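A closer look at the structure
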Amino acid sequence: MKIFAIGLNYDSHNKEMKRTFEASEPVIFMKPDTALLRNGNPFFLPDFSNEIHYETELVIKINRLGKNIPEKFAHRYYDEITVGIDFTARDLQRKQKELGLPWEIAKSFDNSAPIGEFISKKEIPDINNINFRLDINGGTVQQGNSSDLIYSFDKIIAYISRFFTLRIGDLVFTGTPAGIGGVSINDHLEGYIENNKLLDFKIK
């Protein structure tokens, strides 16, 4: 099982991070399966970072084998969706970027990819107009809508499949909007698609 993640996929987040780089194609990075955190299990702050940030994202699950998938058929390759978090060790990422080095240690560490319960795509009236949000301790800290994606789900799937064979169960984190921030011990995180709470866990 592979976990793909898309960077730079919301203009609001790019402006938030003061990025001047404009990607002409989807930006892909990957996380190992050990990054997954499921079933409401707590996230333990690692000892190698003092700046763990949440990045809330819509996550789609691949449901069939595919390679070089045409965009017009890409919608057939996923049938479930949830909300997830791409935890980022921002201090490590900043250091690695300054040195011109890869930053997997900042993005792909153990439990850095919490995901919620999946729901059927059929439950969503318009896949291109999905509201999602993250609440921390009862207050909304980040929210977005799939209509603001620079690259749609179908474009992402078509692009990834040029380089990687997609298999049943692979996951795609589709990018984060503006509103990222840090987490602290005892924070309670709840992730929603519309008013459906799918993600619920605590920081330890």
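Scroll up to find the structure.
Residues numbered from 1 in each chain as written. Predicted model: local features only at pLDDT ≥ 70, side-chain atom pairs only at ≥ 80, totals over all residues. Heavy atoms only, no water.

Digging into the overall build of the protein
This is how the line gets drawn: The numbering of helices and of strands both runs from the N terminus, where a helix is a DSSP run of H or I of at least 4 residues and a strand a run of E of at least 2. We take the radius of gyration over the C-alpha atoms and set the globule estimate at 2.2 Å times the residue count to the 0.38 power. Burial classes follow relative accessibility: with a 1.4 Å probe on protein chains only, a residue under 20% of its type's maximum area counts as buried, one over 50% as exposed, and anything between as partly exposed. Throughout, a residue-residue contact means that at least one pair of heavy atoms, one from each residue, lies within 4.5 Å. Where accessible areas are quoted, they stem from the Shrake-Rupley method and a 1.4 Å probe; at the residue level, only the protein chains shown are allowed to cover. This count recognises Lys and Arg as positive and Asp and Glu as negative, with His and chain-terminal groups excluded. Think of each charge as sitting on NZ of Lys, CZ of Arg, CG of Asp or CD of Glu.
If you tally the helices and strands in the protein, you get four helices and 15 strands. Taking 204 residues into account, the globule formula puts the C-alpha radius of gyration at 17 Å, and the protein, at 16 Å, falls close to it. Summarising its shape, the C-alpha atoms of the protein cover approximately 45 × 40 × 30 Å along the three principal directions. Across the 204 residues of the protein, 51% fall into the buried class. In the protein, of all internal contacts separated by at least 6 residues, the share reaching a separation of at least 24 is 77%. Total accessible area computed for the protein in this model is approximately 10,000 Å², and 48% of it derives from carbon and sulfur atoms. Each charge class in the protein can be summarised by its mean position, and for the 25 positive and 28 negative side chains these summaries are 4 Å apart.

Overview of the pairing of strand β11 (residues 139-145)
Heads up, the condition is: Strands pair, by our definition, only if DSSP identifies at least two bridges between them.
Where strand β10 (residues 131-136) and β11 come together, six bridges link them in antiparallel fashion. Directly across from Ile 136, in β11, lies its bridge partner Gly 139. The antiparallel hairpin formed by β10 and β11 contains two residues in its connecting segment, where Asn 137 sits at a positive phi of about 55°.

Regarding the packing of aromatic side chains
Let me state the cut-off plainly: Note on aromatic contacts: the rings of Phe and Tyr and the six-membered ring of Trp form a pair at centre separations within 6.5 Å, being stacked when their planes are under 30 degrees apart, edge-to-face when over 60 apart, and tilted otherwise.
In the structure shown here, the tally under the stated rule is eight aromatic pairs. When the ring of Phe 4 is compared with that of Phe 164, the centres are 5.3 Å apart and the planes differ by 55°; the resulting orientation is tilted. Taken together, the residues Phe 4 in strand β1 (residues 3-7) and Phe 164 in the loop between α4 (153-163) and β12 (171-173) connect sequence positions 160 residues apart. Its relative accessible area of 0% is what places Phe 4 among the buried residues. Their ring planes at 85° and their centres at 5.9 Å tell us that Tyr 78 and Phe 153 sit as a pair that is edge-to-face. One end of the pair, Tyr 78, is in strand β6 (residues 78-85); the other, Phe 153, is in helix α4, with 75 residues separating them in the sequence. Taken individually, Tyr 78 and Phe 153 each receive the classification buried, so the pair is uniform in this respect.

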